[in-house]
Amino acid sequence: MSRHSRLQKQVLSLYRDLLRAGRGKPGAEARVRAEFRQHAGLPRSDVLRIEYLYRRGRRQLQLLRSGHATGMGAFVRPRAPTEEPGGVGSQPDDSDCPRNPQDSTEAPETRPDGR
């Protein structure tokens, strides 16, 4: 096995530190593992993205260690009771998002002067 680069060692150390800091906090360990798994496939050449994620992880570690954090969660929009995840024909509810007029399938509005 090849030797790890300095950045790889820092990321592995951050992973261990986050797992240790998350012990006893609901959802923290699972969230840390999921976040690292999600980005595990990043190419080694994408150093800017890796460094960005590393800095973000360091900030999260500081928050976990501060004593004010009681757990870790994710910001997700709850699904409607009848909505199936990824179901056929299901469209995301974009009522909270600003609407792009070019994406609309409705007829364009006409002004009273006909333009």
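Residues numbered from 1 in each chain as written. Predicted model: local features only at pLDDT ≥ 70, side-chain atom pairs only at ≥ 80, totals over all residues. Heavy atoms only, no water.

### Details of the nonpolar core
Core analysis: the largest hydrophobic core is formed by eight residues, namely Leu 14, Leu 18, Leu 19, Ala 21, Val 32, Tyr 54, Leu 61 and Leu 64. If you list the elements that add at least two residues to this core, you get helix H1 (6-22) and helix H3 (47-65). A per-element tally of this core places H1 first, with four residues. Setting aside its immediate chain neighbours within four residues, Leu 14 contacts Phe 36, Tyr 54, Gly 57, Arg 58 and Leu 61. (Core = buried A, V, L, I, M, F, W, Y, C linked by side-chain atoms within 4.5 Å. Buried < 20%, exposed > 50% of the residue type's maximum accessible area, 1.4 Å probe, protein only. Helix = DSSP H or I, 4+ residues; strand = E, 2+ residues; numbered from the N terminus. Contact = heavy atoms within 4.5 Å.)

### As for the packing of aromatic side chains
Under the criterion given, the structure shown has one aromatic pair. Look at Tyr 15 and Phe 36: their rings are 4.8 Å apart centre to centre, the planes differ by 65°, and that puts the pair in the edge-to-face class. Of this pair, Tyr 15 sits in helix H1 while Phe 36 sits in helix H2 (residues 28-38), and the two are 21 residues apart along the sequence. Taking relative accessible area as the criterion, Tyr 15 reaches 23% and is therefore assigned partly exposed. (Phe/Tyr/Trp six-rings, centres within 6.5 Å; stacked < 30°, edge-to-face > 60°.)

### Comments concerning the environment of Gln 8
With respect to the helices and strands, Gln 8 occurs in helix H1. Residue Gln 8 is classed as partly exposed on the basis of its relative accessible area, which comes to 24%. The residues contacting Gln 8, other than those within four sequence positions of it, are Arg 3 and Arg 44. A distance of 3.5 Å separates the side chain of Gln 8 from the side chain of Arg 44, its partner in a polar contact. (Polar contact = N/O pair within 3.5 Å; in protein donor to acceptor, adjacent residues only side chain to side chain.)

### Details of the layout of surface pockets
The calculated volume of the largest pocket comes to roughly 680 Å³. Contributing to the lining of the largest pocket are 28 residues, with Val 11, Phe 36, His 39, Ala 40 and Ile 50 lying nearest its centre. Of all the elements in the fold, those that place two or more residues in the lining of the largest pocket are H1, H2 and H3. Classifying every residue of the lining of the largest pocket gives 16 nonpolar, seven polar and five charged. (1 Å grid on protein atoms, 1.4 Å probe; cavity = no way out; pocket = protein on both sides within 12 Å on 5 of 7 lines; lining within 4 Å. Points joined across faces, edges and corners; volume = space filled by probe spheres on them. Nonpolar A, V, L, I, M, F, W, Y, C, P; charged D, E, K, R; others polar.)

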